[in-house]
Amino acid sequence: MSDDLINIKVNQKEIKVDKNLTVMQACEIAGEEIPRFCYHDKLSIAGNCRMCLVEIEKAPKLVSSCTMPLMEGMSIITNSERVNAGRKGVMEFLLINHPLDCPICDQGGECDLQDQAMYYGFDKSRYKENKRAVDNKNMGPLVNTIMTRCIHCTRCVRFATEVAGVPELGMLGRGENAEITTYLEQSITSELSGNVIDLCPVGALTSKPYQFKARPWELKRTDSIDIFDSVGSNIRVDSRAEEILRVTPRTNEYINEEWISDKVRFNYDGYYQQRIDTPYIKENQKLSISNWEESLKVLKDKLKTLKPLALIGEHVDLETGYAIKKFMSNYGKDNVECRTDNHAILESLDSYRFNTPLNDIENSDLIILVGTNPKIETPIINHKIFKAYNNDAKVFNIGENISLNYKTEYLGESLSYLNNENLIKALKKSTNPLIIIGSAFLNKIKNNKTLKSIFSYADKYKVITKEKNNLNFLNPYASRVGQLIIGNTTSNLCEPFSNLKKDNFELVLSFGSEYISNEQFNNCFKVYFGHHGDDGAMGSDIVLPTPLYTEKNGTFVNIEGRPQEAKKCHNPIGSAKEEWSILKKLSDELSFDFIPNTFDQLRSELFDKHPILSDYHEIIAVENPTSITPDIEFEDCKAEYPVSNFYMSDVISKNSVTMAKCVEEIISTPSLLEKSA
Amino acid sequence: MSSNHPGLSNNFSRSGEKFSWSKDNLRSIKNIISKYPKGREQSAVMPLLYLAQEQNNNWISIECIETIAETLNMPKIRVTEVASFYSMYNTRPVGENLVQICRTSPCWLRGSNKITKTICKETKCEINDTSDDNKFTVVEVECLGACSNGPMIQINNDFFEDLDEESTKKIIDNIKEGKPNVIGSQKGRRSSENA
């Protein structure tokens, strides 16, 4: 591809670069760092901060490098006295109206303006006039605004429009009167709104819950995984002592790019609310405080006589799942279940995961949403669909007529609308069609034939070809794909879980699964292993405290089949013990075969059994793809969406005060528009 | 210019009344939009803001913004951005006659300060204020492009040029009494011919 390469010089160093790059990108390739505020590689180019000035030979004036396309033979100078003077001038103008409140600013210590002022700022101001002051704006319960600090880079405006897909932010006025605001100061309604905090190069937009909590240099960083949806966004958990103070994204171009959802970013206050910190035993219909010795003794006696069933919740990591499976194998087969929502699957991995790599969604030209609301189930996937939509992809929707932040063509409410005439026409024209089957239908399908028909349908319309498989199954739970891979499910795959004969089991062990409170277990002895007291714990006979995902190491497989590790951030709250160690103790006393003595042994045993899981960050290959049968026949079922409220979808976010505020101010409060009407 | 200027404030308010296009305006809108390429209809936001201001007693209310956003199928904040950027879109109600006094150098050299004083005295209102009878709103503006005929003012859509204190007073008096005014030069000059 020598056609696309051109020769340029950066500070007299000759390099060959792609001709479609900008001067700034070329300088970065050459190893020169260019200061910038408004430029961001995930957003469109604005060129309004003027900080990235460079000198280009033969150009009469300094040039903003982020907006300048490359030309053959261009000679760029980034370190001359002239460039330095130019940048210093820009910095002086930026600082004219920027307050000197770094000591009380939350951005202090990780502020782009602060850092770059170290290189290009003056120690004194030559500005004698009054500084301007700007009223703070309401942007909702998550984003705190101190607008006097704003330098008008418009990253937040571009993010809201281009990434979040909610054009609600804008810059009003001009010159000295320019102000960033939301329309009529309403709350931002995006599920990704917290990302504007990371984007803001100064302290104008900061986190409301984190306000005045800590300085960046006091925090301990732990790499972890978002377990509040199935995307497996990479996060960084910042803690001080035994408390998590904030959650921010880690860049992973394959999964979440640089974004995370507001739920994982802000629900950490829920980690410490309503925690189960000690074992409880039910006496006289009331849970009373117990201790490990007593509760495990009762449980052991029950385990000797009663036939157990284990339920696996949405936040259970692979190692725990493996320990549970191993423990339960002492009682025979088919007694562990993670599909408590009746999620229908077939044998093979490709029938329950997102088969298209997530960063490939944007290349599709036709997307069919079948019983899924990606906006509230998996906001990151919704962003990828929005990207495809912006690349002129057409989006169809089957199920309920949900409102998304892009236009969809609504077909109808049942699976049979897959045979809609318009849709078939579009499918035949499309070069890269993609289908997403969501839990709203998957949990309702009662017949293997329907699932197989979906595969045949996908095959017929070239959604599945030899090279790629764009038939995707989407569920919102972080644990699901991993638990299914290690086989934590009963063998009758399409049989609805609620059909299990209730008298088959006498003892239910729930690992964070709220399904234990279902009436079908009313006559069973119930044991709840979990971290938050909710319906599941309330109705149980024994409650045992276990650590949260940030309090232990664990592996999670994301929706596309990518194993990733969430690391321990601090010690468990109260006397919580990891599930595997509880099971280990029980099996020792029951003389079961349960070898691992340490977590590392457990993990290596898991990887020995399932070597595909040990390759972190790589997508697992499908060994036996689902075979294609010729007939296409869809059963009639009504869509029922698994998540109805983005901010409160699990026990942790239900206990978060921040999430409660979001529900109140973003969902429940009708907008100013409706109020006045 | 202070941000109290009705065209330079970023705070919009509601009129409390529904705003819907008049029949004439609907026809003009169709014509205006047809001038832009397909898919670029949003470019018509400025002429539509002008029409809305004309129809809505010379100011842009939140209702106007919402109607325009709906007409052009664009986000409301984008319309707000444009309306707040340009000083000739008024963001709050103004009097029946919006008196814009040019204060840029050529007019100022020819005595625009005196004109300003006269107008404030005659209309009984300060700069950026509306008179009690809601007849006048007086604002100072930068160059209106009639430099050779300065000092000059603009009242609603009409230019009044070659002013002095006396002719200014007469113009205001005529408006108060509902009498017609001579538009353009008050010295009888044609266009900007040599004086």
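The rules we used
Residues numbered from 1 in each chain as written. Chains lettered and ligands numbered in written order. Predicted model: local features only at pLDDT ≥ 70, side-chain atom pairs only at ≥ 80, totals over all residues. Helix = DSSP H or I, 4+ residues; strand = E, 2+ residues; numbered from the N terminus. Rg over C-alpha atoms; globule rule 2.2 N^0.38 Å. Buried ≥ 20, exposed ≤ 12 C-beta atoms within 10 Å, placed from the backbone. Contact = placed C-beta atoms within 7 Å. Nonpolar A, V, L, I, M, F, W, Y, C, P; charged D, E, K, R; others polar. Pairing = 2+ DSSP bridges. Axes fitted to C-alpha atoms, helices over the stretch in contact; angles between N-to-C directions. Parallel < 35°, antiparallel > 145°, perpendicular 65-115°, else oblique. Expected span 1.5 Å × (residues − 1). pLDDT = per-residue confidence, 0-100.

Okay, the overall build of chain A next. Per the secondary structure count, chain A includes 20 helices and 26 strands. A compact globule built from 677 residues would reach a C-alpha radius of gyration of about 26 Å, and chain A, at 28 Å, matches this within 12%. On the principal axes, the C-alpha backbone points of chain A span a range of 85 × 60 × 60 Å. Counting every position in chain A, which comprises 677 residues, the buried fraction comes to 50%. Sequence separation of at least 24 residues holds for 69% of the intrachain contacts in chain A that already meet a minimum separation of 6.

Let's shift gears to the interface of chain B and chain A. Across the boundary between the two partners, chain B contributes 12 residues, which contact 12 residues of chain A. When its residues are assigned to classes, the side of chain B that touches chain A shows four nonpolar, four polar and four charged.

Once that is clear, we can look at the sheet that holds strand β1 (residues 5-10) of chain A. Residue and element names in this part refer to chain A. One open sheet holds the five strands; their spatial order is β2-β1-β5-β3-β4, and the pairing between them is mixed. At either end of the open sheet lies a strand with only one pairing partner, and these are β2 (13-18) and β4 (63-64). Summarising the sheet, strand β3 (residues 53-56) and strand β5 (residues 75-77) pair through two bridges and their orientation is antiparallel. Across the sheet, the residue bridging to I56 is I76, located in β5. Against the sheet, helix α2 (residues 81-96) makes contact with β3 and β5, and its axis sits at roughly 150° relative to β3, the strand it touches most.

Next up on the list: the pairing of strand β20 (residues 433-438) of chain A. Residue and element names in this part refer to chain A. For β20, a buried count of six out of six residues is recorded, marking the element as mostly surrounded by other parts of the structure. Here β20 shows a buried face lined by P433, I435 and I437 and a second buried face lined by L434, I436 and G438. Strand direction decides the pairing type here: strand β17 (residues 366-370) and β20, joined by five bridges, are parallel. From the neighbouring strand, L369 faces β20, where its bridge partner is I436. Relative to strand β21 (residues 471-474), β20 is paired through four bridges, and the arrangement is parallel.

A word on the environment of E314(A). The topology assignment puts E314(A) in the loop between β15 (308-312) and α8 (318-328). Ignoring anything within four residues of it in the chain, the contact list for E314(A) reads Y477(A), A478(A), S479(A) and D650(A).

Attention now goes to the packing of helix α2 (residues 45-55) of chain B against helix α4 (residues 76-85) of chain B. All names here are of chain B. Axis separation between α2 and α4 bottoms out at 10 Å; the angle between their running directions is 70°. Comparing the axis directions of α2 and α4 gives the class roughly perpendicular. Across the interface between the two elements, V45, M46 and L49 from α2 touch V79, V82 and A83 from α4. By residue class, the composition of the contact of α2 with α4 is six nonpolar, no polar and no charged.

All names here are of chain A. Taken in spatial order, the five strands make up an open sheet running β19-β18-β17-β20-β21, and their pairing is parallel. Edge strands, defined here as strands with exactly one partner in the open sheet, are β19 (409-412) and β21. On average, each strand axis in the sheet is tilted by 20° relative to the strand beside it, whichever way the strands run.

Residue and element names in this part refer to chain A. Along the chain, E258 falls in the loop between β12 (243-249) and α6 (262-266). Judged by the 18 C-beta atoms lying within 10 Å of it, E258 falls in the partly exposed class. Each C-alpha atom, one on E258 and one on N401, is 30 Å from the other, the two residues being 143 residues apart in sequence. If we skip the residues at most four places from it in the chain, E258 touches K42, P249 and T251.

Once that is clear, we can look at helix α10 (residues 379-390) of chain A. All names here are of chain A. Between its first and last C-alpha, α10 extends 16 Å over 12 residues, near the 16 Å set by a 1.5 Å rise per residue. Considered for burial, the residues of α10 that qualify are P379, I380, I381, N382, H383, K384, I385, F386, K387, A388 and Y389. D392 occupies a position one or two residues after α10 and carries a positive phi of about 75°.

Before going further, it helps to examine the confidence of the model for chain A. With 96% of its residues at a pLDDT of 70 or more, chain A shows a mean pLDDT of 92. Confidence drops under a pLDDT of 50 for residues 672-677 of chain A, and excluding neighbours within four residues, the segment shows four contacts in the predicted structure.

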